[in-house]
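One-letter residues, chain by chain:
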Amino acid sequence: MVRPASDHALLQGTLAGDHDAFAELVGRYRNQITNYIYRMTNDYDGAVDLAQETFLRVYRAAGRYQTTHAFSTYIYRIATNLAISELRKRKRRRLVSLTGLLTSGEGQEPRDFDAPDERPLQDISLVDSERRAVIKRAIATLPDKYRAPLVLRDVEGKSYDEIASILQTSEGTVKSRINRARNFLRDKMRNYL
């Protein structure tokens, strides 16, 4: 039985002009990177484009890759930077939310209109789907510095050490940001759950 080539070996093959080696790398990481970016940006089509851009950057910078780091850390770092850049662009061209125009009184902060549905639901899968949608919307409201570590830990299943390498920060900062993100989510979802 033939052992699959390591990520490092595939990247070396890419440098040597082996297109199949790079195709293998893309095949290994395409779904993971697309899903990660999608959870960061909440836009599937944009996530596919950003994942493609991630692989393009890996290909272009293959000669600068240092084998002292895990390839997964390297590619997630590129994907994180692209996702955060996209989120910053969105903030600059932010659309006005009609629900945000509802205010509780003069001079008070706008509040979202999210009237609860009092009717009993019959289908458990519908409830689960709705809960996932609410969680997804709540995660989308988190600041970038809290969203990235939370998604990497709770959705992608990365270790604290890996997240620290990806985000180029200390493990303590990662733990702190994940804790704050979870507290933000708990507060945002208190009325829902």
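Everything below is about the structure shown above.
About the criteria used
- Residues numbered from 1 in each chain as written.
- Predicted model: local features only at pLDDT ≥ 70, side-chain atom pairs only at ≥ 80, totals over all residues.
- Heavy atoms only, no water.
- Buried < 20%, exposed > 50% of the residue type's maximum accessible area, 1.4 Å probe, protein only.
- Helix = DSSP H or I, 4+ residues; strand = E, 2+ residues; numbered from the N terminus.
- Arc of directions from axis to C-beta.
- Salt bridge = Lys/Arg side-chain N within 4 Å of Asp/Glu carboxyl O.
- Contact = heavy atoms within 4.5 Å.

### What about helix α7 (residues 160-167)?
Point 1. Within α7 the residues assigned to the buried category are I163, A164, I166 and L167. Down the axis of α7, the sector holding all buried residues measures 165°, keeping them to one side.
Point 2. Q168, located one to two residues past α7, shows a positive phi value of around 55°.

### Description of the pattern of salt bridges
Point 1. Counted under the stated rule, the structure contains 7 salt bridges.
Point 2. Measuring nitrogen to oxygen at the nearest pair gives 2.7 Å for the salt bridge that ties R28 to D7. Of this pair, R28 sits in helix α2 (residues 19-41) while D7 sits in helix α1 (residues 7-15), placing them 21 residues apart in sequence.
Point 3. A salt bridge links R182 to D154; its shortest N-O distance comes to 2.6 Å. Within this pair, whereas R182 is found in helix α8 (residues 171-189), its partner D154 is found in helix α6 (residues 144-155), the two being separated by 28 residues in sequence.
Point 4. In this structure D154 comes out as partly exposed when scored by relative accessible area, which is 42%.

### Here we look at the environment of K136
Point 1. Here K136 shows up in helix α5 (residues 124-140).
Point 2. Classification of K136 by relative accessible area gives partly exposed; the value is 38%.
Point 3. Expressed as a C-alpha distance, the spacing of K136 and M40, which sit 96 residues apart in the sequence, is 9.5 Å.
Point 4. Residues contacting K136, with those up to four places away along its chain left out, are Y38 and N42.

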